[in-house]
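Single-letter residue listing:
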Amino acid sequence: MLICVLALRAIAVERLEDSDVTLDLRTQLAEPVFELALAYFPTGAGFGTFDRAFRISEPDALLRKTYVNHAHNDWMETIMEGGLPMGLILGAFAVMFVRRAVHILPQRAHRPYPVASGLLSLMVILASIVDYPLRTRAIALAFTLCLLAFFHVHHYHDTPVD
């Protein structure tokens, strides 16, 4: 089993070494999706419309036998679909997230669960820049639970338990 894991890992490393980042579809989608977000600004194209909106303005260089159904950047797609209001909501979320992280990090020895939940949430947030993990129900549920634990304010009291 170890040989299989190592062999597959070697293939994955070779693939990463041989790949050109500029040829990756995710990299190529960044500019057209940003232009699409600007085209539908400030109202957005509407939630769930990325596929249709992108097909209208898809650059010839990106035409393939398969079609692009998501931007491979959840944040940009959400802003393209939701416009300025969604951008403001995501901005407010980012501010709240950073403020909470700054608040709990000095207490990390006494509050390991919020710190761990925050780190797991941050991993999903960062992964959403290059993919769309939150479209998977299991990851969306885990992300929601992590955010609940991260933002939960629990006041500990020194009361005896009977």
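Residues numbered from 1 in each chain as written. Predicted model: local features only at pLDDT ≥ 70, side-chain atom pairs only at ≥ 80, totals over all residues. Heavy atoms only, no water.

1. Describing the overall build of the chain
The secondary structure content of the chain amounts to six helices and zero strands. Each helix and strand of the chain, ordered N terminal to C terminal, gives the series α-α-α-α-α-α. Counting every position in the chain, which comprises 162 residues, the buried fraction comes to 27%. For the chain, contacts bridging at least 24 residues in sequence account for 68% of all contacts bridging at least 6. Surface exposure of the chain reaches about 11,800 Å², of which carbon and sulfur atoms provide 67%. (Helix = DSSP H or I, 4+ residues; strand = E, 2+ residues; numbered from the N terminus. Buried < 20%, exposed > 50% of the residue type's maximum accessible area, 1.4 Å probe, protein only. Contact = heavy atoms within 4.5 Å. Areas by Shrake-Rupley, 256 points an atom, 1.4 Å probe, with all protein chains shown as cover.)

2. Regarding a nonpolar patch on the surface
On the surface, a nonpolar cluster with roughly 430 Å² of combined accessible area is contributed by Leu-119, Leu-122, Leu-126, Ile-129 and Val-130. When you line up the elements, Val-130 lands in the loop between α5 (112-127) and α6 (137-151). Judged by relative accessible area, Val-130 falls into the partly exposed class, the value being 46%. (Patch = residues over 30% accessible without salt bridge, like charges linked within 9 Å, V, L, I, M, F, W, Y side chains within 5 Å. Salt bridge = Lys/Arg side-chain N within 4 Å of Asp/Glu carboxyl O.)

3. Focus: the environment of Phe-143
Structurally, the position occupied by Phe-143 is in helix α6. On a C-alpha basis, the gap between Phe-143 and Ser-121 in space is 5.8 Å, while along the polypeptide they are 22 residues apart. Non-local contacts of Phe-143, meaning those with residues more than four positions away in its chain, are made with Phe-93, Ser-121, Val-124, Ile-125 and Leu-134.

4. Overview of the pattern of salt bridges
Under the counting rule described, the total for this entry stands at two salt bridges. A salt bridge links Asp-74 to Arg-135, with the nearest nitrogen and oxygen atoms 3.3 Å apart. Residue Asp-74 is located in helix α4 (residues 74-104), and its partner Arg-135 is located in the loop between α5 and α6; the two are separated by 61 residues in the primary sequence. Here Arg-135 and Glu-77 are joined by a salt bridge, their closest N and O atoms 3.0 Å apart. Here Glu-77 lies in helix α4 and Arg-135 lies in the loop between α5 and α6, a separation of 58 residues in the sequence.

5. Topic: unusual backbone geometry
Trans peptide bonds make up most of the peptide bonds, and negative phi angles are found at most residues other than glycine. Cis geometry marks the peptide bond from Phe-41 to Pro-42; its omega dihedral reads 10 degrees. Looking at where Pro-42 falls in the secondary structure, it is placed in the loop between α2 (25-39) and α3 (50-57).

6. Some remarks on the packing of α4 against α6
Helix-helix packing is described using two parameters, namely the angle between the two axes and the distance between the axes. With their axes 10 Å apart at the nearest point, α4 and α6 run at an angle of 55 degrees to one another. With respect to each other, α4 and α6 are oriented oblique. Every residue of α6 that contacts α4 at Phe-93, Met-96, Phe-97, Arg-100, Ala-101 and Ile-104 is listed here: Phe-143, Leu-147, Phe-150 and Phe-151. Considering only residue class, the contact of α4 with α6 consists of nine nonpolar, no polar and one charged. (Axes fitted to C-alpha atoms, helices over the stretch in contact; angles between N-to-C directions. Parallel < 35°, antiparallel > 145°, perpendicular 65-115°, else oblique. Nonpolar A, V, L, I, M, F, W, Y, C, P; charged D, E, K, R; others polar.)

7. Section: α4
Its 31 residues place the ends of α4 only 27 Å apart at the C-alpha level, less than the 45 Å of an ideal helix rising 1.5 Å per residue. The principal kink in α4, of about 135 degrees, is found at Gly-83, preceding the proline Pro-85 by one to four residues. Among the residues of α4, the N-terminal cap falls to Asn-73, whose side-chain oxygen and the backbone nitrogen of Trp-75 are separated by 3.1 Å. (Expected span 1.5 Å × (residues − 1). Bend = angle between axes of the 7 residues up to and from the residue. Polar contact = N/O pair within 3.5 Å; in protein donor to acceptor, adjacent residues only side chain to side chain.)

Nothing here speaks to function; it is all geometry.
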